[in-house]
Amino acid sequence: MSEMDRRTFIGGGVAAACATSLMLGTQADAKPQKRRVICWSEGTAPKNIYPADINHAIAEGLSPLKGWDVVTASLNDADQGLPDDLLNSASVIIWWGHMRHDDVKTELVNKLVHRVKEEGMGFIGTHSAHWSRPFKALMGTPCGWTGGYNEDGSSVAVSVKAPKHPITKGIKDFVIPHTERYTERFEAPDPEQLIFDGVYTLPNGKTEPSRQGMIWTVGKGRVFYFQPGHESYPIYFQEEVRQVFRNAVPWAAHLK
Ligand code: ZN
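None of the values given here were measured: they were computed from a predicted structure.

Draft legend 1. Just the coordination of the zinc ion, in detail. Those protein atoms acting as donors to the zinc ion are H127 (NE2), E180 (OE) and H230 (ND1), and they sit at 1.9 to 2.2 Å. Counting the intervening residues between successive donors of the zinc ion yields the motif H-x52-E-x49-H. On the criterion of sequence distance, the pair formed by H127 in the loop between β4 (122-126) and α6 (133-139) and E180 in the loop between β7 (174-176) and β8 (181-183) is long-range, its members being 53 residues apart. The exposure classification of H127 matches that of E180, with both residues buried.

What follows is the structure in structure tokens.
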């Protein structure tokens, strides 16, 4: 089994067949080429919440997407999960990191930035990926949340602020029962559009606003940051969250 096949999360046979037909050149009976999305994480999420880590939880939620080859990659894999042939084959990458941002090699960060800025690959950063090296490099700012981080089990009410945007299609305002609270201000450039706003309700009943979904264009690429996704809660199994990713992937690939 080749490295590429091994990484394929769903529909491995189809992906392998497509790759073969591409290598052989055009064939009259070749199936349409699937686009590829890579779900990347660093392997640090607690096993009792995410038994197969967050990359697999996000990939599972993307499995209904038609025309997409959904693959997983981990910092613990060879080439930090992203050998050139895999990275160069992706239309979109979804990035989740938390404890090991500094382990990501500069060479890989540069390749990711090149793929987004020069080649139009979509980049979706979620939760603590705001502090990941590729996200910071794409934004060009420190990307911290200056009000701090509180894992106090607050809920967050996520509200749709861009009802006509493809990322919000079919999504109504929803609540995530427990999350980690990132407090404004967010040290990133002003987004082109606020897609989801949010209001936390703290255990003491107080409320606090915090933006939950924002988009930017960076060179030729589209970037989406989605704040929910703390590893101590099953947020990436929640249906509304999964729909956000199913909408965001084709948008980030310039298909919507
Ligand atoms: Zn967290």
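Draft legend 2. Main features of the environment of Y233. Tracing the chain through its elements places Y233 in the loop between β12 (221-226) and α7 (239-252). Apart from the residues lying within four places of it in its own chain, the contact partners of Y233 are I49, Y50, G153, H178, T179 and E180.

Draft legend 3. Spatial organisation of the pairing of β4. For β4, the tally of buried residues reaches five of five residues, placing the bulk of the element in the interior. Burial along β4 is two-sided: G122, I124 and T126 and F123 and G125, pointing in opposite directions, are all buried. Two strands pair when backbone bridges link them, and strand β3 (residues 92-96) and β4 are joined in this way by four bridges, in the parallel orientation. The residue bridging I93 from the neighbouring strand is F123, located in β4. A crossover links β3 with its parallel partner β4, the connecting element being helix α5 (residues 106-117), and its sense is right-handed. With four bridges joining them, β4 and β12 adopt parallel strand pairing. Looking at the pairing, I124 lines up with F224 of β12.

What counts and what doesn't
Residues numbered from 1 in each chain as written. Predicted model: local features only at pLDDT ≥ 70, side-chain atom pairs only at ≥ 80, totals over all residues. Heavy atoms only, no water. Donors = N, O, S within 2.8 Å, 3.2 Å for Na, K, Ca; no water. Helix = DSSP H or I, 4+ residues; strand = E, 2+ residues; numbered from the N terminus. Buried < 20%, exposed > 50% of the residue type's maximum accessible area, 1.4 Å probe, protein only. Contact = heavy atoms within 4.5 Å. Pairing = 2+ DSSP bridges. Right-handed = clockwise from strand over helix to strand, strands pointing away.

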